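Single-letter residue listing:
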Amino acid sequence: MSTLIFGICSTICFGALFLHELKGTPLVIPPLEASSLDGNVKALLKFSWHVGSILTVSIGVLFACSVLIPGNELMAIIGTAMLICMALLVLGLAFKDVNLRKTPAPFLWPSLSLLALMGHLF
């Protein structure tokens, strides 16, 4: 287990959280609010947007725990599994939707998954 690589994974997650909330929210939420979608659809989309932030910080905390608390390799395993699931989800969705390919998600989650897997090898 590489604590250096898992520390990098944690740092990237916290950076992604920062960018997601501070840069992404103003790009997504105002146009969503201005759209003609039903109110319940808007509410679910806003909820989903912020669930992404919670997921990102949770994965970052898992990797941070694996680094800061000796013997906590299970946290890195869980974080890696979550990253792989996110990578598979975003790649599957991006395969069908060209709009998703224009976002950072199809690059971030698979790259971070590979980095985390490398952390388990070293």
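Scroll up for the structure.
Everything in this summary refers to the structure shown in the same document. Since we're looking at a predicted model, the values are computed, not measured. All residue numbers refer to positions counted from 1 along the written sequence of the respective chain. Where local features are concerned, this predicted model is filtered to residues with pLDDT of at least 70; where side-chain atom pairs are given and counted, the filter is 80 or more; whole-chain, interface and lining totals use all residues. Excluding hydrogens and water, the side-chain figures rest on all heavy atoms present in the structure.

### Section: the overall build of the protein chain
Part 1 of the argument: Numbered from the N terminus, helices here are DSSP runs of H or I no shorter than four residues, and strands are runs of E no shorter than two. Looking only at helices and strands, one finds four helices and zero strands in the protein chain.
Part 2 of the argument: If you list the helices and strands of the protein chain from N to C, you get α-α-α-α.
Part 3 of the argument: Taken over the C-alpha atoms alone, the protein chain extends approximately 50 × 25 × 20 Å along its principal axes.
Part 4 of the argument: A burial count over the protein chain gives 30% of its 122 residues as buried.
Part 5 of the argument: Across the protein chain, contacts joining residues at least 24 apart in sequence account for 62% of those joining residues at least 6 apart.
Part 6 of the argument: Using a 1.4 Å probe, accessible areas were evaluated by the Shrake-Rupley method; residue-level cover was limited to the displayed protein chains. Carbon and sulfur atoms make up 77% of the accessible area of the protein chain, which amounts to about 7400 Å² in all. Exposure is judged per residue with a 1.4 Å probe applied to protein chains only, and the accessible area is read against the type maximum: over 50% gives exposed, under 20% gives buried, and values in between give partly exposed. Contacts were defined at the residue level, with two residues in contact if any of their heavy atoms lie within 4.5 Å.

### A word on the side chain of Ser10
Part 1 of the argument: Mapped onto the elements of the fold, Ser10 is located in helix α1 (residues 3-34).
Part 2 of the argument: Beyond its immediate stretch of four places on either side in the chain, Ser10 contacts Gly60, Phe63 and Ala64.

### Observations regarding the layout of surface pockets
Part 1 of the argument: Counted as a void, the largest pocket has a volume near 1100 Å³.
Part 2 of the argument: Around the largest pocket sit 28 residues that line it, and His20, Trp49, Leu100, Thr103 and Ala105 are the ones nearest its centre.
Part 3 of the argument: Split by residue class, the lining of the largest pocket holds 19 nonpolar, seven polar and two charged. Lining residues are those with an atom within 4 Å of a point, where the points come from a 1 Å grid over the protein atoms alone and group into cavities, where a 1.4 Å probe fits but cannot get out, or pockets, open sets with protein on both sides within 12 Å along at least five of seven lines. Grid points are joined across faces, edges and corners, and a volume is the space filled by probe spheres set on the points. Gly falls in the polar group here, along with every residue not listed as nonpolar (Ala, Val, Leu, Ile, Met, Phe, Trp, Tyr, Cys, Pro) or charged (Asp, Glu, Lys, Arg).

### Some thoughts on the pattern of salt bridges
Part 1 of the argument: One speaks of a salt bridge when a side-chain nitrogen belonging to Lys or Arg is within 4 Å of a carboxyl oxygen belonging to Asp or Glu. Throughout the structure, instances matching the rule amount to one salt bridge.
Part 2 of the argument: When the shortest N-O distance is used, the salt bridge between Lys46 and Glu33 registers 2.6 Å. Residue Lys46 is located in helix α2 (residues 39-68), and its partner Glu33 is located in helix α1; the two are separated by 13 residues in the primary sequence.

### So, α1
Part 1 of the argument: The span one expects for a helix is its residue count, reduced by one, times 1.5 Å. When the terminal C-alpha atoms of α1 are compared, their 45 Å separation across 32 residues agrees well with the 46 Å that a helix rising 1.5 Å per residue should span.
Part 2 of the argument: A residue's bend is the angle separating two fitted axes: one through the seven residues that end there, the other through the seven that start there. Along α1, the sharpest kink reaches roughly 55°, centred on Gly24 and followed within four residues by the proline Pro26.
Part 3 of the argument: Taken together, the buried positions of α1 are Ile5, Phe6, Cys9, Ser10, Cys13, Ala16, Gly24, Thr25, Ile29 and Leu32.
Part 4 of the argument: Those residues of α1 that are buried lie in contact with α2, α3 (73-96) and α4 (105-121).

### Details of the nonpolar core
Part 1 of the argument: Core analysis: the biggest nonpolar cluster contains 14 residues, and Cys9, Ile59, Phe63, Leu83, Trp109, Leu112 and Ala116 have the highest contact counts within it.
Part 2 of the argument: When residues of this core are traced back to their parent elements, those giving at least two are α1, α2, α3 and α4.
Part 3 of the argument: A per-element tally of this core places α3 first, with five residues.
Part 4 of the argument: Here Leu83 is in contact with Ile59, Phe63, Trp109, Leu112, Ser113 and Ala116, once residues within four sequence places are set aside. For the purposes of this section, nonpolar cores are sets of buried Ala, Val, Leu, Ile, Met, Phe, Trp, Tyr and Cys residues that join through side-chain atoms within 4.5 Å.

### A short note on the packing of α2 against α3
Part 1 of the argument: Only the stretch in contact is used when fitting a helix axis, every axis being a line fitted to C-alpha atoms; angles between N-to-C directions are given from 0 to 180 degrees. Viewed as axis vectors pointing N to C, α2 and α3 meet at an angle of 150°, and their least axial separation amounts to 7 Å. Relative to α3, the element α2 lies roughly antiparallel. As for the relative orientation of α2 and α3, their crossing is left-handed in sense. Contact with α2, carried on its side by Leu55, Ile59, Leu62, Phe63, Cys65 and Ser66, involves Met75, Ala76, Ile78, Gly79, Thr80, Met82, Leu83 and Met86 of α3 and no other residues of that element.
Part 2 of the argument: Of the residues that constitute the contact of α2 with α3, the class distribution is 11 nonpolar, three polar and no charged. By the definition adopted for this analysis, an angle is roughly parallel if under 35 degrees, roughly antiparallel if over 145, roughly perpendicular if from 65 to 115, and oblique otherwise. A crossing counts as left-handed when the near helix is turned anticlockwise from the far one by less than a right angle, and as right-handed when that turn is clockwise.

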